[in-house]
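Here are the chains, one letter per residue:
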Amino acid sequence: MLYCGYNIAMAEILQVNPKHPEADRVARAAGLIRRGEVIAIPTDTLYGLAANPFDNAAVERVFAIKGRPRNNPLLLLVDSLEMASELAAQLPVPFHKLARQFWPGPLTIVVSASAKLPSAVTAGTGTIGLRLPQASIAVALIRAAGCPITATSANLSGEQDSSSAEQVERSLGKCLPLILDGGPRRNEKPSTVLDLSGAAWQIVREGAIPRRDIEECLGY
């Protein structure tokens, strides 16, 4: 049985303007994040589970809600390169090239993690995936909450990703206090995940940004 940690009938779905998020609605969601709750939000490609990565209980709840293996690290959304640098041990030169071309957008870049990040977030790998989203709701939420947020897909592990608030509700509605509804996500592909933590870069998952665009950017 899935453990959700909530005693609610169903999540509240709150409609938010995807281009110009209403400040009061974002503030309400940010308050839940600051209190250690997990909510669902629209990202650039799919709906994700948003929580404060520095709150160990919230991170554990993300894993429990999804049924996600504890050895599978979480990616984080940031609102700036400055926030990304605070979460990384260091940012290699290729990072800056990629960020200039593809951020904000659906490119998750894996780098060596800062020691201040909880080990549960990195799953003990010592690395962290970072993305600066184009989605206005996600950026507004990060700024209102005052912290980066998790963004693992809002679905049970192994099941289909959610591209609408209604899909999130069907999958995880009894496990969440709030779903921000920014309309359907029309990009059917998840973000591309690129690992820069080793001696050579490698694509972990080819998604919305194709390999050829990465190779062109990095001069390969």
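Computed from a predicted model, the values in this text were never measured in an experiment. (Residues numbered from 1 in each chain as written. Predicted model: local features only at pLDDT ≥ 70, side-chain atom pairs only at ≥ 80, totals over all residues. Heavy atoms only, no water.)

**Focus: the overall build of the protein**
Where we set the bar: Numbering of helices and strands runs from the N terminus; a helix is a DSSP stretch of H or I covering at least four residues, while a strand is a stretch of E covering at least two. As a reference, a globule follows 2.2 Å times the number of residues to the power 0.38, and the radius of gyration itself is taken over C-alpha atoms. Each residue is assigned to one of three classes by its accessible area relative to the maximum for its type, calculated with a 1.4 Å probe on protein chains only: buried under 20%, partly exposed between the two thresholds, exposed over 50%. Here the accessible surface of atoms and residues is derived via Shrake-Rupley with a 1.4 Å probe, and residues count as covered only by protein chains that are part of the display. His residues and chain termini do not enter the charge count, which takes Lys and Arg as positive and Asp and Glu as negative. Charge placement uses NZ in Lys and CZ in Arg. For Asp and Glu, CG and CD serve respectively.
When you go through the protein residue by residue, the secondary structure sums to 8 helices and 11 strands. The C-alpha radius of gyration of the protein comes to 16 Å, within 12% of the 17 Å expected for a compact globule of 220 residues. Overall, the protein is about 50 × 35 × 30 Å in size when its C-alpha atoms are taken along their principal axes. A total of 220 residues make up the protein; the buried ones form 55% of that total. Accessible area for the protein stands at about 10100 Å²; split by element, carbon and sulfur atoms hold 47% of it. The averaged location of the 21 negative side-chain charges in the protein is 1 Å from the averaged location of its 22 positive side-chain charges.

**Structural notes on the sheet that holds strand β7 (residues 149-150)**
We count it as follows: Strands pair, by our definition, only if DSSP identifies at least two bridges between them.
Sheet architecture is open: 6 strands sit in the order β7-β4-β6-β5-β10-β11, paired in mixed fashion. Each edge of the open sheet carries a strand with a single partner, namely β7 and β11 (202-205).

**Section: helix α6 (residues 136-145)**
Considered for burial, the residues of α6 that qualify are I137, A138, V139, L141, I142 and A145. Positive backbone phi, at 80 degrees, marks G146, one or two positions downstream of α6.

**Description of helix α2 (residues 56-66)**
As a reminder, the rule being used: Here, two residues are considered to be in contact whenever any of their heavy atoms come within 4.5 Å of each other. Two N or O atoms form a polar contact when they lie within 3.5 Å of each other; inside protein one atom must be a possible hydrogen donor and the other a possible acceptor, and for residues adjacent in sequence the pair counts only when both atoms belong to side chains.
Listed in full, the buried residues belonging to α2 are A58, V59, V62, F63, A64, I65 and K66. Taken together, the buried residues of α2 touch β3 (47-50), α5 (119-122), β7, β8 (152-153) and α7 (165-172). Between the side-chain oxygen of the N-cap and the backbone nitrogen of A57 there are 3.1 Å, and the N-cap of α2 in question is D55. Phi turns positive, to about 70 degrees, at G67, one or two residues after α2.

**With respect to the environment of L156**
With respect to the secondary-structure elements, L156 resides in the loop between β8 and α7. We classify L156 as partly exposed; its relative accessible area is 22%. Sequence separation between L156 and V26 is 130 residues; the distance between their C-alpha atoms is 25 Å.

**A short note on the side chain of D195**
Our working rule: By salt bridge we mean one thing: a side-chain nitrogen of Lys or Arg within 4 Å of a carboxyl oxygen of Asp or Glu.
Mapping D195 onto the fold places it in strand β10 (residues 192-195). Buried charge D195 goes without a salt bridge, the closest partner of opposite sign being R211 at 12 Å. Side-chain polar atoms of D195 contact the side chain of S197, separated by 2.6 Å. Apart from residues lying up to four places away in sequence, D195 is in contact with V110, A200, W201, Q202 and V204.

**Here's the deal with the pattern of salt bridges**
For the structure shown, the criterion picks out 4 salt bridges. Measuring nitrogen to oxygen at the nearest pair gives 3.1 Å for the salt bridge that ties E60 to R70. One end of the pair, E60, is in helix α2; the other, R70, is in the loop between α2 and β4 (75-77), with 10 residues separating them in the sequence. Residue E60 is classed as partly exposed on the basis of its relative accessible area of 36%. Among the residues examined, R70 registers a relative accessible area of 46% and is labelled partly exposed.

**Notes on the packing of helix α1 (residues 23-34) against α6**
Two packed helices can be described by the angle between their axes and the distance between those axes. The condition that has to hold: Axis geometry follows a simple rule: fit a line to the C-alpha atoms, using only the stretch in contact for helices, then measure angles between N-to-C directions, giving values from 0 to 180 degrees. For this classification, under 35 degrees means roughly parallel, over 145 means roughly antiparallel, 65 to 115 means roughly perpendicular, and everything else is oblique. Crossing handedness is read from the near helix: turned anticlockwise from the far helix by less than a right angle, it gives a left-handed crossing, and turned clockwise, a right-handed one. Each residue gets one label: Ala, Val, Leu, Ile, Met, Phe, Trp, Tyr, Cys and Pro are nonpolar, Asp, Glu, Lys and Arg are charged, and the others, such as Gly, are polar.
Where α1 meets α6, the closest approach of the two axes is 9 Å, and the angle between their N-to-C directions is 55 degrees. Classified by the interaxial angle, the pair formed by α1 and α6 is oblique. Handedness of the α1/α6 crossing: right-handed. Each of V26, A29, A30, I33 and R34 in α1 lies in contact with α6, whose residues at this interface are A140, L141, A144 and A145. Looking at the contact of α1 with α6 residue by residue, the class counts come to 8 nonpolar, no polar and 1 charged.

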